[in-house]
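As a plain string of letters, each chain reads:
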Amino acid sequence: MSAYPEAVQVLANLPAPWPEEALIEIRRNLRESPRKVVVLDDDPTGTQTVEDITVVTQWDLDTLREAFAEQTPGFFILTNSRALTETGTTELHREILSSLQGAANGHPYTLVSRSDSTLRGHFLAESQVIGEFKGPFDMVVLAPFFQAGQRYTLNDTHYLVDQGNFIPCHETPFAEDKFFGYKTSHLPSWVEEKTAGATKASEVVTIPLETIRSKGPDGVLQILSRAPKGSTCIVNACTQKDMEVFAAAALRFENTGASVLYRTAAAFVAARLGIRPPPPLLPEFISNSKERGGLVMVGSYVPKSSEQLSKLLELGELKSFELDVNELLSSQDPASYLLSLGETIEDALDAGEDVVVYTSRGLVFSEAKEQNLDIGARVADALVTLAKNLKSSPGFVIAKGGITSSTIATEALRIRKAQVLGQLVPGVPVWRASEDARFPKIDLVIFPGNVGGPDSLCEAYHKLKRIR
């Protein structure tokens, strides 16, 4: 028997949710407020809970002015900063925030620093540099709950549901990340760990689930209003409606003049934008050319991705190509290796075959943390090269993994601006590129590395596969 509690039992034993519809209040508040929500997304998977929202991958003044001018409650800026070093993300954020200030031209906006629901990312560095431009903040909110990924925060501890059991996140492979690893999933202690003791666990403010469900936005607002200036606040949540109750209270708090920085997963983003995560898209809403084969590119190494890739390969419905990472890194002429592989992929697509390209599964890493980001960048660059060299648009594109999907979007497909159509399967967004992309109006499926069950990649593929 598992030592971990069963998720069904844990969730069934919780207090009943707050009975009122907080989303109505949020939407009314957004209609009355001129304040935009600007989401700084450290990889493109943060759009996995929204629809009809713009995402930009560049931050020149003209692009940002276009985004501010749209009649929507907010927009995303793809930073891809999880692929950078601490120094790199600090420099990048200074550049973006400087452009934001110029483009806003006095237009009020709230910043959400969207990051991973498994607690990986540059939490301290990014919060500090944002504070240089928009701080000091009355509060920094940490809200990693994300239901589609089965990530729950309960009793101030962050859990992942795996095989039906509640498992503390620090006991999962995500906590062993070579660059962003951590030792505790008790979030106040996690904050103390990530700030090297600058913020003590005892100083962290928490929003109990019991308060959210029994007292609603009024009870949450009381806690926010009484918190010491500059506090870090943890949000407990086990459903999207819990997050909406918190978002309603947070909006009230902002409307008192409070300055808040949100460091959250995708669930809060949807709530703060007044969006309830939509049902999966029907295939007919997604562009899918029947002229050429479709392309699936898998770069993510997390165990969930490897499991999903294995299931996809077992179908026997796609022509598969392995990008051998060891050969790539050791080759005296990696360009020739990629050119040869790319020509073979092109021939298969031309022949109408659906193709999956994947990195070899043996994880290559260094004991030096920052070298791991360099290895990851070189592998991502190789996948980009393969996609960049395509002579014409594939029938469809699925990019698996945050770094993979970001680099495919920005460098291979040259997407400057896109509209989020919705989700292909839960937690898997689809972007429709603008006319100025390399392949105009192409639809790109952004498939996070850590989302879905064993068959989710197969499900996504079957929604898009060519009908012969």
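Read on for an overview of the structure. In this text the structure is predicted, and so the values were computed from the model without any measurement.

Some details on the overall build of the protein
In terms of regular secondary structure, the protein is built from 15 helices and 18 strands. What you see for the protein is a C-alpha radius of gyration of 22 Å, in line with the 23 Å of a compact globule of 468 residues. Looking at the protein residue by residue over its 468 residues, the buried ones come to 60%. Partitioning the intrachain contacts of the protein with sequence separation of at least 6 by distance along the chain shows that 77% fall at a separation of at least 24.

Section: the sheet that holds strand S8 (residues 165-168)
Ordered in space as S6-S7-S8, the 3 strands form an open sheet in which the pairing is antiparallel. In this open sheet, the two edge strands, each paired with only one partner strand, are strand S6 (151-154) and S8. The average undirected angle you get between the axes of adjacent strands in this sheet is 40°. Summarising the sheet, strand S7 (residues 157-162) and S8 pair through 4 bridges and their orientation is antiparallel.

Let's talk about the pattern of salt bridges
Where charged atoms of side chains with opposite charge meet at close range, the side chains can pair. For the structure shown, the criterion picks out 27 salt bridges. A salt bridge links Asp-42 to Arg-82, with the shortest nitrogen-to-oxygen separation between them at 2.8 Å. Of this pair, Asp-42 sits in the loop between strand S1 (36-41) and strand S2 (53-56) while Arg-82 sits in the loop between strand S3 (74-78) and helix H4 (86-104); the two residues are 40 residues apart in sequence, bridging distant segments of the chain. For the pair Asp-42 and Arg-82, one class covers both residues: buried. Note that Arg-292 is salt-bridged to Asp-350, the shortest N-O span being 2.8 Å. Here the residue Arg-292 occupies a position in the loop between helix H9 (266-272) and strand S12 (295-298), and Asp-350 occupies one in helix H12 (residues 334-350), the gap between them amounting to 58 residues. Judged by relative accessible area, which is 7%, Arg-292 ranks as buried.

A short note on the environment of Arg-252
Its place among the elements puts Arg-252 in helix H8 (residues 240-255). Exposure remark for Arg-252: the relative accessible area of 24% places this residue in the partly exposed category. Residues Arg-252 and Pro-217, spaced 35 residues apart in sequence, show a C-alpha to C-alpha distance of 8.6 Å. In this view, Arg-252 contacts Glu-25, Pro-217, Asp-218 and Leu-221; residues no more than four positions away in its chain are not counted.

Overview of the pairing of strand S18 (residues 443-447)
A large share of S18 lies buried, amounting to 5 of its 5 residues. Taking every second residue as pointing to the same face, both faces of S18 are buried, with Asp-443, Val-445 and Phe-447 on one and Leu-444 and Ile-446 on the other. As judged from the 4 bridges shared by strand S15 (residues 397-400) and S18, these two strands associate in the parallel manner. Its bridge partner lying in S18, Lys-400 is registered against Phe-447. Inspection of the sheet shows strand S17 (residues 428-433) paired to S18 by 3 bridges, in the antiparallel sense. Looking across to S18, one finds that Val-430 is bridged to Val-445.

Concerning the nonpolar core
In terms of nonpolar packing, the biggest core is built from 91 residues, with Val-141, Leu-224, Met-243, Phe-246, Val-357, Ile-408 and Leu-444 touching the most fellow members. Sort the elements by how many residues they give to this core and H8 lands first, with 9 residues. For Val-141, the contacting residues outside a window of four places in its chain are Cys-233, Val-235, Phe-246, Val-260, Leu-261, Tyr-262, Arg-263 and Thr-264. Judged by nonpolar contacts, the second largest core, of 27 residues, contains Phe-146, Ile-398, Val-445 and Phe-447.

Points about H12
Two residues of an α-helix separated by three or four positions point the same way, owing to the 3.6 residues in each turn. Between its first and last C-alpha, H12 extends 24 Å over 17 residues, near the 24 Å set by a 1.5 Å rise per residue. When H12 is considered as a whole, its buried residues turn out to be Tyr-337, Leu-338, Leu-341, Gly-342, Ile-345, Glu-346, Ala-348 and Leu-349. For H12, the arc enclosing every buried residue in end-on projection is 160°, short of the 170-degree limit, so these residues lie on one face. Where H12 terminates, the next one or two residues include Gly-352, which has phi positive at roughly 85°.

Basis of the calculations
Residues numbered from 1 in each chain as written. Predicted model: local features only at pLDDT ≥ 70, side-chain atom pairs only at ≥ 80, totals over all residues. Heavy atoms only, no water. Helix = DSSP H or I, 4+ residues; strand = E, 2+ residues; numbered from the N terminus. Rg over C-alpha atoms; globule rule 2.2 N^0.38 Å. Buried < 20%, exposed > 50% of the residue type's maximum accessible area, 1.4 Å probe, protein only. Contact = heavy atoms within 4.5 Å. Pairing = 2+ DSSP bridges. Axes fitted to C-alpha atoms, helices over the stretch in contact; angles between N-to-C directions. Salt bridge = Lys/Arg side-chain N within 4 Å of Asp/Glu carboxyl O. Core = buried A, V, L, I, M, F, W, Y, C linked by side-chain atoms within 4.5 Å. Expected span 1.5 Å × (residues − 1). Arc of directions from axis to C-beta.

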